[in-house]
Amino acid sequence: GEPPRRFAQHAIRELPQPISNHYWSGSVLRVLEKATERRPENRYQTVEEFWDELADAALPLTLPLKADEAGIRPRPSSELTVEPDELTQAPPQPKFEAGPAFLRAYADGGSTRRPRIVVPVSKIEPLPENPASIAKRRSAREIVAAFPDRSPNGKPLPRRQIPASTSRPKRFLVALVLILAFSGMLLATHKYVTSHWNPLVDIPQLGDVFVVGRAGVTTTDVNLRPDASAANPAIGLAEYGSRVRVLSINDNWYEVQVLEHGRTKSDPFSSDRGWINKRFVKFD
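In short, a report on the structure. Please read all numbers here as calculations on a predicted model, not as lab measurements.

1. Comments concerning the packing of aromatic side chains
Two aromatic rings, taken as a pair, are described by how far apart their centres are and by the angle between their planes. Per the counting criterion, the structure on display carries two aromatic pairs. Ring centres of Tyr-44 and Phe-50 lie 5.3 Å apart, and the angle between their planes is 35 degrees; this geometry places the pair in the tilted category. The class of Tyr-44 is buried, set by a relative accessible area of 14%.

Below, the structure is given as structure tokens:
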């Protein structure tokens, strides 16, 4: 009932939906699948073999089998007779439903001419012309003459001054403002990045890492501060030549522990630990 174009150039793996639920669908599908294998050696090699398999696949489930006198059921191919003239004739052309009636007219090979479709067109009356359409057909001289250049009292009419086009200067001005704004943004970003943002600012320098824990000698009498600032009062004194050990670093300040004073302490109760400026320490 439908053309087999969907099965062209490949084996039949499924049946159309209208015939896929019959009792013989599965067995017939297996026969057709073998008959349409891509490799010729996998197909049926003789017409008799193909005929026998197809006949067995289409048998009803409860049909009694006929046997001969010897009790052997004859093969369906034994009843197959082909006249010699039939082997030289082409098979009949298949006919399929082609859709609507005007398409089925071409199923016989296109001998029927396509019906001509004629659409009746009534006479179209011309539309009444309006003043706008009439004005379009007037010449330029007539249109100019239709507008007087003098007032009823004979004085010439004042002509409207057409201002010069200012579109180009405006575009140039807008473009200039945008360029200047963009340049200012770039400069501000560059200044901020180079002055404020530094991803390595919190990382101590390589020399400072090795300074912590080292021992040095003070180059003068230097006050010990409670923190890294000269604004706070002194809490102790590291005399000239005192040996100190660096405990931590904060910018230009060292937190030190006095290991040995350069001379006797003037205040025995003063602290031996505090912050001093790094320029007053000399390392061995």
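Read on, since the account is not over.
2. Overview of the pairing of strand β4 (residues 243–250)
Sheet topology places strand β1 (residues 215–218) next to β4; three bridges connect them, and they run antiparallel. Paired with Val-217 across the bridge in β4 is Arg-243. Bridging between β4 and strand β5 (residues 253–260) involves seven bridges; their strand directions are antiparallel. In the strand pairing of β5, Ser-248 is matched with Glu-255. If you look at the hairpin formed by β4 and β5, you'll find two residues sitting between the two strands, and Asp-251 has a positive phi there, around 55 degrees.

3. Side note on the sheet that holds β4
Pairing in this open sheet of five strands is antiparallel, and the strands run β6-β5-β4-β1-β7 from one edge to the other. Each edge of the open sheet carries a strand with a single partner, namely β6 (273–277) and β7 (281–283). For this sheet the average axis-to-axis angle between neighbouring strands, irrespective of direction, equals 50 degrees. As paired strands, β5 and β6 are joined by five bridges and run antiparallel to one another. Bridge pairing links Gln-257 to Arg-273 in β6.

4. With respect to the nonpolar core
Among the nonpolar cores identified, the biggest contains eleven residues, and these are Val-211, Val-222, Leu-224, Ala-238, Val-244, Val-246, Tyr-254, Val-256, Val-258, Ile-276 and Val-281. For this core, the secondary structure elements donating two or more residues are β2 (222–224), β4 and β5. It is β5 that contributes the most residues to this core, three residues altogether.

5. Remarks on the side chain of Glu-255
On the secondary structure map, Glu-255 appears in strand β5. Side-chain polar atoms of Glu-255 contact the side chain of Arg-273, separated by 3.2 Å. Setting aside its immediate chain neighbours within four residues, Glu-255 contacts Arg-245, Val-246, Leu-247, Ser-248, Arg-273, Gly-274 and Trp-275.

6. Regarding the pattern of salt bridges
Pairing between side chains of opposite charge can happen when the charged atoms of each approach one another. For the coordinates displayed, the defined rule picks out seven salt bridges. Residue Glu-49 is joined to Lys-34 by a salt bridge in which the shortest nitrogen-to-oxygen separation is 3.9 Å. Pair noted here: Glu-49 is in helix α2 (residues 47–57) and Lys-34 is in helix α1 (residues 25–35), with a separation of 15 residues, a long-range link. On the basis of relative accessible area, Glu-49 is assigned to the partly exposed category, the value being 32%. Asp-221 is paired through a salt bridge with Arg-263; the nearest N and O atoms lie 2.8 Å apart.

Rules used throughout
- Residue positions within a chain follow its written sequence, with the count starting from 1.
- In view of the model being predicted, local features appear only for residues whose pLDDT reaches at least 70, and side-chain atom pairs are presented and counted only at 80 or more, with totals across whole chains, interfaces and linings using the full set of residues.
- Working from all heavy atoms in the structure, the side-chain values ignore hydrogens and water.
- Only Phe, Tyr and Trp rings are paired, with Trp represented by its six-membered ring, and only when their centres lie within 6.5 Å; those with planes under 30 degrees apart are stacked, over 60 edge-to-face, the remainder tilted.
- Exposure is judged per residue with a 1.4 Å probe applied to protein chains only, and the accessible area is read against the type maximum: over 50% gives exposed, under 20% gives buried, and values in between give partly exposed.
- Pairing between two strands is assigned when DSSP locates at least 2 bridges connecting them.
- Helical segments are the DSSP runs of H or I of at least four residues, strand segments are the runs of E of at least two, and each set is numbered from the N terminus.
- Helix axes use the C-alpha atoms of the stretch in contact, all axes being lines fitted to C-alpha atoms, and the angles between their N-to-C directions lie in the range 0 to 180 degrees.
- For our purposes a nonpolar core is just a set of buried Ala, Val, Leu, Ile, Met, Phe, Trp, Tyr and Cys residues, chained together by side-chain atoms within 4.5 Å.
- Counted as a polar contact is a pair of N or O atoms within 3.5 Å, where, for protein atoms, one must be capable of donating a hydrogen and the other of accepting one, and residues adjacent in sequence contribute only when both atoms are in side chains.
- It only takes one pair of heavy atoms within 4.5 Å for two residues to be counted as in contact.
- Think of a salt bridge as a Lys or Arg side-chain nitrogen and an Asp or Glu carboxyl oxygen that are within 4 Å of each other.

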